Amino acid sequence: MTEKQFQDKVIAFLRSQQIYYVKVWGGGYQTAGIPDILCCIQGKFVALELKTEKGKPTVLQKYNLFKIQEAGGHARILRPTEFEGFKRQVLTGAI
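The rules behind the values
- Residues numbered from 1 in each chain as written.
- Predicted model: local features only at pLDDT ≥ 70, side-chain atom pairs only at ≥ 80, totals over all residues.
- Heavy atoms only, no water.
- Pairing = 2+ DSSP bridges.
- Helix = DSSP H or I, 4+ residues; strand = E, 2+ residues; numbered from the N terminus.
- Right-handed = clockwise from strand over helix to strand, strands pointing away.
- Phe/Tyr/Trp six-rings, centres within 6.5 Å; stacked < 30°, edge-to-face > 60°.
- Buried < 20%, exposed > 50% of the residue type's maximum accessible area, 1.4 Å probe, protein only.

Undergrad: Quick question: what am I supposed to make of the pairing of strand 4 (residues 74-78) here?
TA: When a strand is regular, its side chains alternate between the sheet's two faces. Here strand 3 (residues 44-50) pairs with strand 4 via five bridges, running parallel. Residue pairing across strands places Glu 49 opposite Ile 77, the latter belonging to strand 4. Once you follow strand 3 into helix 2 (residues 59-70) and on to strand 4, the crossover reads as right-handed.

Now the structure itself:
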């Protein structure tokens, strides 16, 4: 599964749960290292960096995830094999 295909699945799930989210598009006018998806789940700030099974986050991506967690948000790298567990966390309010 490509990162784009995985991204489409994650966004479809967030939409199906009526979760507010913003897809961050990287590029020349965007700050580097911001997680792919920023959302609000049950009143909590959640940042998701989407990666394929073999994809590796950059040092800057890891740093930004750490800073979000340090500030009290929930931030993680999400891979396709972890998606079902993520969905269960969302549906049970465990996130």
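On we go.
Undergrad: I tried to follow the packing of aromatic side chains on my own but got confused; where do I start?
TA: Geometrically, a pair of aromatic rings is defined through the distance of the ring centres and the angle of the planes. One pass over the structure, following the stated rule, counts four aromatic pairs. Ring centres of Phe 13 and Phe 83 lie 6.0 Å apart, and the angle between their planes is 90 degrees; on these two criteria the pair is classed as edge-to-face. Here Phe 13 is found in helix 1 (residues 3-16), whereas its partner Phe 83 is found in helix 3 (residues 83-92), with 70 residues between them in sequence. For the pair formed by Phe 13 and Phe 83, the shared burial category is buried. On the numbers, 6.5 Å between centres and 20 degrees between planes, the contact of Phe 83 with Phe 86 is stacked. Linking Phe 83 with Phe 86, this pair stays in helix 3, spanning three residues, or about one helical turn.

So yeah, pure geometry; function would need other evidence.
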